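Summary of structural features
Chain by chain, the residues:
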Amino acid sequence: MKKTKSINPFSSKKKAQVKARPFRKTFALPEQPYDELLLAQSDLYRRSRQLYLQQEGRFQATLLSSARSLGSVSLLENLIEYTPIASELDWSLRDRLQKKDHAHIAMVRSFTTGVFHEQNHRILWRHFSDQKIDCPQRALEACRFLNCAESLVIILDMALADELNSKLAKHLYSVRGIYQSGAEFMRLLKVGSRSYRNALQVCFYTTYLRLEGLHPDDIPGFVKKVFEGLDQKLVERCIERAMRIDSMFVELTSPFWQKKHVGKVMEVFAPPRGKLGLVLPARQPLRHVETYVIVERWLEAMGL
């Protein structure tokens, strides 16, 4: 039987089919924890939802465990499944007796889907397609492509938390409503300013080198050298922030997902015949021109 080649669901060739639509309150997802609150509080959260809907992204309420979410190839689909658990989580946190059952709260919280993070991955695939950024066809190069993509999405998690006030961000982070708690020193830079964008550039590159497997002790020196033209105190704080990335994700979750699905990624996001795709330098941490330009265009697309 002849093998059918996968079609990139995020291809810009489908752009003509996409109809832009204005934001409405009805875009809030039923029973997604804190979704309506975040839509009301964050310009970035609203923009992410709008962009995802404009590319005909879909949502499906279903029971979704963290294990299935992290192990699935659904990241390559223009569909996001989420567990409708808002009422259960709210009751667990508010009930006079139940809120003392920390094991139950942890269990409920583990089913919360990071919709913002998931949206941004799908938006990034469309952005890459529009920018003609394709996946290289060698596994190691494809993994660098994926590490770049993950780092781009992670800095948006940072930006979302920074946009919220400190108290709200810390609360939402504690209940897995968002993936970052925010950084006061970056809030002072004002989201969207050149200084703030510079800070995100540092955070991106630190995260990328960490995902690339460079020794954690070596990364600060490389990043400081790359961004030696910036305020070094700011650079050091950004490095410290980015280095807090969960070591389990870096050393186990991400490599496992890549090993399992990199072949599918190469198939779906393959470059046109005769093209190489995005081949980033291997183990050359002082060469960052390619990623710097990519980050700038991504932040511009996301209104940052």
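What comes next concerns the included structure.

The rules behind the values
- Every chain's residues receive numbers from 1 upward, in the order its sequence appears when written.
- Only residues with pLDDT of at least 70 get local features here, since the model is predicted, and only at 80 or more are side-chain atom pairs given and counted; chain-wide, interface and lining totals rely on the full set of residues.
- Only heavy atoms go into the side-chain values, all of them from the structure, while hydrogens and water stay out.
- Strands are runs of DSSP state E lasting at least two residues, helices are runs of H or I lasting at least four, and both sets are numbered from the N terminus onward.
- Here the radius of gyration uses the C-alpha set of atoms, whereas the globule reference equals 2.2 Å times the residue count to the power 0.38.
- Buried means the residue's accessible area, taken with a 1.4 Å probe over protein chains only, is under 20% of the maximum for its type, while exposed means over 50%, and partly exposed covers the values in between.
- Two residues qualify as a contact provided that any one of their heavy atoms is within 4.5 Å of a heavy atom in the partner residue.
- The Shrake-Rupley method, run with a 1.4 Å probe sphere, supplies the accessible areas, and residue values consider only the shown protein chains as cover.
- Stacked, tilted and edge-to-face are the three classes applied to pairs of Phe, Tyr and Trp rings, where Trp contributes its six-membered ring and a pair requires centres within 6.5 Å; stacked means planes under 30 degrees apart, edge-to-face means over 60, and tilted covers the rest.
- It is the directions from the helix axis to the C-beta atoms whose arc is reported.
- What qualifies as a polar contact is a pair of N or O atoms within 3.5 Å, subject to a donor-acceptor requirement within protein and to the restriction that residues adjacent in sequence count only when both atoms come from side chains.
- For this analysis, a nonpolar core means a set of buried residues of the types Ala, Val, Leu, Ile, Met, Phe, Trp, Tyr and Cys, connected via side-chain atoms within 4.5 Å.

**A few points about the overall build of the protein chain**
Helix and strand content of the protein chain: 14 helices and two strands. Scaling as 2.2 N^0.38, a compact globule of 304 residues should have a C-alpha radius of gyration of about 19 Å, and the protein chain matches this with 19 Å. With respect to the principal axes defined by its C-alpha atoms, the protein chain has extents near 60 × 60 × 35 Å. Counting over 304 residues, the protein chain shows a buried share of 49%. Counted over contacts in the protein chain with a minimum sequence separation of 6, partners at least 24 positions apart contribute 72%. Summed over its atoms, the accessible surface of the protein chain is roughly 15,600 Å², and 53% of this surface lies on carbon and sulfur atoms.

**Section: the packing of aromatic side chains**
Following the criterion strictly, the structure yields 10 aromatic pairs and no others. On the basis of an interplanar angle of 15° and a centroid distance of 6.3 Å, the ring pair of tryptophan 125 and phenylalanine 145 is categorised as stacked. Linking tryptophan 125 in helix α6 (residues 115–130) with phenylalanine 145 in helix α7 (residues 139–163), this pair joins segments that are 20 residues apart in sequence. The class for tryptophan 125 is buried, based on a relative accessible area of 2%. For phenylalanine 145, a relative accessible area of 1% puts it in the buried group. Here the aromatic residues Phe10, Trp125, Phe128, Phe145 and Phe269 are joined through ring pairs into a cluster of three or more.

**As for helix α8 (residues 166–174)**
Residues lying three or four places apart along an α-helix face the same way, a consequence of the helix completing one turn every 3.6 residues. By the burial criterion, the buried members of α8 are Leu168, Ala169 and Leu172. Considered in projection along α8, the buried side chains sweep an arc of 100° and stay on one side of the axis. In α8, the exposed residues that point more than 90 degrees away from the buried face are Lys167 and Lys170. Against the buried residues of α8 lie α1 (35–41), α7 and α9 (184–187). Backbone nitrogen of lysine 167 and a side-chain oxygen of the N-cap are separated by 3.2 Å at the start of α8; the cap is asparagine 165. Just beyond α8, the residue with positive phi is arginine 176, at close to 65°.

**Comments concerning the environment of isoleucine 155**
By the secondary structure assignment, isoleucine 155 is in helix α7. Each C-alpha atom, one on isoleucine 155 and one on serine 193, is 15 Å from the other, the two residues being 38 residues apart in sequence. Ignoring sequence-local partners within four residues, the contact set of isoleucine 155 consists of Leu200, Cys203, Phe204, Val295 and Leu299.

**Re the nonpolar core**
The nonpolar side chains of a soluble globular protein tend to be buried, and buried together. The biggest cluster of nonpolar side chains holds 77 residues, and the ones touching the most others in it are Trp125, Phe128, Phe145, Leu152, Met186, Leu200 and Val223. The leading source of residues in this core is α7, at 15 residues. The contacts of leucine 152, once residues within four sequence positions are left out, are Leu124, Phe128, Phe204, Ile294, Val295 and Trp298.

**What about the side chain of threonine 83?**
Looking at the secondary structure, you find threonine 83 in the loop between β2 (79–82) and α4 (86–94). A relative accessible area of 4% places threonine 83 in the buried class. Among the polar contacts listed, one links the side chain of threonine 83 to the backbone oxygen of threonine 62, at a separation of 3.4 Å. Those residues in contact with threonine 83, other than ones at most four positions away along the chain, are Glu31, Gln32, Thr62, Leu63, Leu64, Phe111 and Thr113.

Everything listed is a geometric property; what it means functionally is a separate question.
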